[in-house]
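Residue-level structure breakdown
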Amino acid sequence: MSSTAVHISGLKFSWTPGVPVLDVPSLTIASGERLFLQGPSGSGKSTLLGLLGGVLVPQAGSVRVLGTDLAALRSAARDRFRADHVGFVFQMFNLLPYLSVVDNVTLAGAFSRRRVERAGRDPGEEARRLLAALGLGSVSQLGSMAGQLSMGQQQRVAAARALFGRPELLIADEPTSALDAATRESFLGLLMEECALAGTTLVFVSHDAALGHLFDRCLSLPDINQVDMEPRAA
Amino acid sequence: MNRLLSLALHSLWSRRVTALLTVFAIAVSVALLLGVEKLRTGAREGFAATVSGTDLIVGPRSGPLNLVLYSIFQIGEPTASVSWASFELVERHPDVAWAVPISLGDSHRGFRVMGTSRDYFEHFRYGRRVPLAFDAGQPFEDVHDAVVGATVAASLGYRVGDSIELSHGLGEVSFAPHDDHPFRIVGILAPTGTPVDRLVLVSLQAVSAIHEGWEGGARSLAAPPDVDHAHDPSPPAKITAFLVGMKSRPAVLQMQRALNEYAAEPLTAALPGVALSELWRMIGVADRALRAVAACVVLAGLAGMVATLLTGLNERRREMAVLRAVGAGPGHVFTLLVLESTLLALLGAMAGALLASGLLAAAAPWVEHQLGLSLSPGLPGAYDLAIGAAVVAAGFVAGTIPAWRAYRNSLADGLSMKV
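In this report, the structure presented in the accompanying data block is examined. What you see is a predicted model, and the numbers here were worked out from it, not measured in a lab.

**Comments concerning the overall build of chain A**
When helices and strands are tallied, chain A shows 10 helices and nine strands. In terms of C-alpha radius of gyration, chain A reaches 17 Å, essentially the compact-globule figure of 17 Å for 234 residues. Considering only C-alpha atoms, chain A reaches an extent of 55 × 35 × 30 Å along its principal axes. By the burial criterion, 46% of the 234 residues in chain A qualify as buried. In chain A, the proportion of contacts linking residues at least 24 apart, taken out of those at least 6 apart, comes to 75%.

**Here's the deal with the environment of Gly-161 of chain B**
Residues and elements named next belong to chain B. Mapped onto the elements, Gly-161 comes out in the loop between helix H6 (150-156) and strand E9 (163-164). Residue class for Gly-161 comes out exposed when judged on the 10 C-beta atoms lying within 10 Å of it. Sequence separation between Gly-161 and Asp-55 is 106 residues; the distance between their C-alpha atoms is 35 Å. Among residues more than four places away in sequence, those in contact with Gly-161 are Arg-184 and Ile-185.

**Comments concerning the packing of helix H5 (residues 123-133) of chain A against helix H7 (residues 151-163) of chain A**
Residue and element names in this part refer to chain A. At their nearest, the axes of H5 and H7 sit 9 Å apart, and the two run at 130 degrees to each other. The angle between H5 and H7 places the two elements in the oblique class. For the pair H5 and H7, the sense of crossing is right-handed. Contacts between H5 and H7 involve Ala-127, Leu-130 and Leu-131 on the former and, on the latter, Val-157, Ala-160 and Leu-163.

**Considerations on H5 of chain A**
Residue and element names in this part refer to chain A. All of the buried residues along H5 are Pro-123, Glu-126, Ala-127, Leu-130 and Leu-131. Axial view of H5: buried residues confined to an arc of 135 degrees, hence all on one face. A positive phi of about 90 degrees marks Gly-135, the residue just after H5.

**Details of the packing of helix H10 (residues 317-325) of chain B against helix H12 (residues 382-413) of chain B**
Residues and elements named next belong to chain B. H12 packs onto H10 with a crossing angle of 65 degrees between their chain directions and a minimal axis gap of 10 Å. With respect to H12, the element H10 is oriented roughly perpendicular. Crossing handedness for the pair H10 and H12: right-handed. Contacts between H10 and H12 involve Arg-317, Met-320, Ala-321 and Arg-324 from the first element and Ala-406, Asn-409, Ser-410 and Asp-413 from the second. For the contact of H10 with H12, the residue count by class is three nonpolar, two polar and three charged.

**Notes on unusual backbone geometry**
All names here are of chain A. A positive phi angle, close to 55 degrees, is found at Leu-66, a residue other than glycine. Looking at where Leu-66 falls in the secondary structure, it is placed in the loop between strand E4 (60-65) and strand E5 (68-69). Under the C-beta neighbour-count criterion, Leu-66 is labelled buried, with 20 such atoms within 10 Å. At Glu-174, a residue that is not glycine, the phi angle is positive and equals roughly 50 degrees. As for its placement among the helices and strands, Glu-174 is situated in the loop between strand E7 (169-173) and helix H8 (181-198).

**Focus on the sheet that holds strand E1 (residues 4-16) of chain A**
All names here are of chain A. Pairing within the open sheet is antiparallel, and its four strands lie in the order E2-E1-E4-E5. Edge positions in the open sheet fall to strand E2 (19-30) and E5, since each of these has one partner strand only. As paired elements, E1 and E4 share five bridges and run antiparallel to each other. Bridge pairing in E4 links Val-6 to Val-65.

**As for the nonpolar core**
Core analysis: the biggest nonpolar cluster contains 114 residues, and Val-105 and Ala-160 of chain A together with Ile-26, Val-30 and Val-326 of chain B have the highest contact counts within it. Ile-26 of chain B has contacts with Gly-301, Leu-302, Met-305, Leu-344, Ala-345, Gly-348, Ala-349, Gly-352 and Val-391 of chain B, leaving out every residue within four places of it along the chain. Ala-153, Met-255, Leu-267 and Leu-279 of chain B belong to the second-largest nonpolar core, a separate cluster that totals 62 residues.

**Re the environment of Tyr-126 of chain B**
Residue and element names in this part refer to chain B. Locating Tyr-126 in the fold gives a position in strand E5 (residues 125-126). When the 22 C-beta atoms within 10 Å are taken as the criterion, Tyr-126 is described as buried. Between the C-alpha atoms of Tyr-126 and Thr-50, which are 76 residues apart in sequence, the distance is 5.3 Å. With near-sequence residues (within four places) excluded, Tyr-126 lies in contact with Ala-49, Thr-50, Val-51, Ser-52, Thr-192, Thr-194 and Val-196.

**Focus on helix H3 (residues 64-71) of chain B**
Among all positions in H3 of chain B, only Pro-64, Leu-67, Val-68, Tyr-70 and Ser-71 of chain B are buried. For H3 of chain B, the elements touching its buried residues are strand E1 (56-60), strand E3 (96-108), strand E14 (241-246), strand E15 (267-270) and helix H9 (272-315) of chain B.

**Concerning the sheet that holds strand E6 (residues 86-89) of chain A**
Residues and elements named next belong to chain A. Judged by pairing direction, the sheet is parallel, and its five strands sit side by side in the order E6-E7-E8-E3-E9 without closing on themselves. Every other strand in the sheet has two partners, leaving E6 and strand E9 (217-220) as the edge strands with one partner each. Averaged over all pairs of adjacent strands, the angle between their axes in this sheet comes to 20 degrees, without regard to strand direction. Direction of pairing for E6 relative to E7: parallel, over a ladder of four bridges. Across the sheet, residue Val-89 finds its bridge partner in E7, namely Ala-172.

Quick notes on the rules
Residues numbered from 1 in each chain as written. Chains lettered and ligands numbered in written order. Predicted model: local features only at pLDDT ≥ 70, side-chain atom pairs only at ≥ 80, totals over all residues. Helix = DSSP H or I, 4+ residues; strand = E, 2+ residues; numbered from the N terminus. Rg over C-alpha atoms; globule rule 2.2 N^0.38 Å. Buried ≥ 20, exposed ≤ 12 C-beta atoms within 10 Å, placed from the backbone. Contact = placed C-beta atoms within 7 Å. Axes fitted to C-alpha atoms, helices over the stretch in contact; angles between N-to-C directions. Parallel < 35°, antiparallel > 145°, perpendicular 65-115°, else oblique. Left-handed = near helix turned anticlockwise from the far one by under 90°. Arc of directions from axis to C-beta. Nonpolar A, V, L, I, M, F, W, Y, C, P; charged D, E, K, R; others polar. Pairing = 2+ DSSP bridges. Core = buried A, V, L, I, M, F, W, Y, C linked by C-beta atoms within 7 Å.

Put into structure tokens, the structure is as follows:
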């Protein structure tokens with residue numbers, strides 16, 4: 001298929017009519033690319049991620065992920081598309097505290113047969129492999145409930161889930177901001193390694209430009225968004 | 001669906017204290033509903049079993065219901081009497097298998113005294129045509145012999161050989177004691193669960209004897225009692241009512257019509273079955289009310305569940321957002337919540353059924369002894385299953401309220417974790 005993971009054109013989105021939040025004339029992310037998207041809070045980052053994930057639909061323009069125009073799909077189909085092709089890691093609270101660590105990882109396959117199939121013959125085994133690759137190998141950690149882990153460990157579990165079943169697109173929204181500096185770099189390194197292994201396109205969103213140098217490309221959301229958010233963000 | 005069910009179970013388990021309390025509330029309400037129904041069925045069966053094998057109850061002209069009430073249930077007072085001549089006429093009729101006279105009007109410490117013949121012990125049947133049995137002793141022989149029902153014996157602590165006095169009138173406290181005629185208890189009946197348990201049975205001759213000189217309704221000073229008279233076998237002039245057993249079924253209706261149209265004396269002949277079901281229809285109102293109350297308690301239990309689920313939703317917005325991020329649609333969130341409420345209702349219904357059968361099994365011997373109701377424990381019947389299914393269905397429907405809320409929340413929240 002195409003070597004384009006995401007293509008946005010003429011995108012316009014507003015929560016309330018007359019108050020635009022996003023106006024992105026064009027954005028293309030190549031397949032396998034590692035993109036750093038920087039923007040202050042309130043710049044419409046979460047909205048953009050919602051659009052990429054198919055949770056939101058633009059009022060104008062199109063969001064094509066892997067060649068599929070999300071707005072053309074019905075809402076249930078968009079949910080299925082997200083389940084099949086997109087992994088998410090958020091700043092915190094990524095896990096269901098009442099599931100075990102391994103069950104949290106395989107949760108990515110709960111709504112997608114494709115992800116389960118791509119995870120190999122034994123999904124549990126693949127989950128443990130991912131966790132080990134991300135530095136969570138010990139048996140005691142795997143058996144425990146997700147709610148008992150430290151923040152850094154939880155983020156690794158979340159990353160393992162986002163990578164489970166090799167989705168084409170991984171969207172990370174401030175995944176490291178709850179981590180300390182040392183953990184941050186190693187976490188990011190492991191995440192990128194696994195993305196490269198799976199051929200997954202990585203869209204990394206953060207307000208902190210310091211990590212930008214580790215990526216293939218850096219973009220600033222205020223630069224590509226023609227809505228002037230400054231007065232409201234201040 | 002399986003994954004959602006597993007998620008619902010895990011999620012409920014993580015909130016097990018509130019979940020268990022919710023299940024408990026539903027269980028108690030379901031147990032109440034099932035228990036009420038069991039008691040109701042038991043009462044109804046016990047009620048219908050009060051008299052059996054008697055084809056007609058004959059008394060003075062009145063409503064059949066009234067007649068059955070005072071002659072069988074010992075409720076209310078007879079308004080008139082029947083002549084002995086009429087009784088003898090019926091008794092001698094070729095189609096009549098047996099006839100047993102009944103004479104009421106006296107009491108013993110709140111329990112009614114019934115004068116009758118020894119045939120009563122032979123022909124009276126209750127339940128599935130069960131004859132009266134004696135726990136101790138035997139039927140009365142002598143004029144001053146008395147047989148007491150199981151409740152009378154138990155509550156007053158009587159044994160065979162004890163001496164008792166009867167009083168005129170039906171009140172508990174009587175100012176007109178028949179203290180001139182002490183009676184000796186010769187028999188104690190086994191419990192029947194019918195009003196017979198509350199009777200003191202004496203011979204018709206005894207009723208005549210103790211009323212000798214009481215023609216005016218009070219003791220006549222002019223005619224002092226004569227004990228020798230008590231041995232006089234002459235029948236009384238009047239009795240309260242009599243029970244009739246016919247030789248064949250078709251003869252029952254013919255005899256009923258003949259007695260109701262009898263010109264020499266105004267009589268009423270009632271079919272006990274018809275009168276009992278008429279009576280049950282009247283009592284049935286209370287019993288439906290009881291059922292309605294129990295159903296309301298179930299509704300309260302379910303409302304509690306909805307409240308608990310709704311309260312929990314705000315804390316669970318993150319949980320829903322996580323599910324949305326891994327591809328769950330709002331429909332999945334809706335289904336998850338409905339599954340939770342249905343599971344709670346299902347667990348509640350099952351626990352309630354267990355609770356009800358446990359309590360009934362524990363209480364059955366006591367209830368049977370005290371109230372004469374047999375509460376067949378056994379496996380849940382069709383009604384119990386229907387109740388269980390209805391509760392689960394109601395749980396399902398009630399679950400749509402929090403589910404709809406969660407659906408709206410998850411649409412508004414999307415993937416946002418900022419809650």
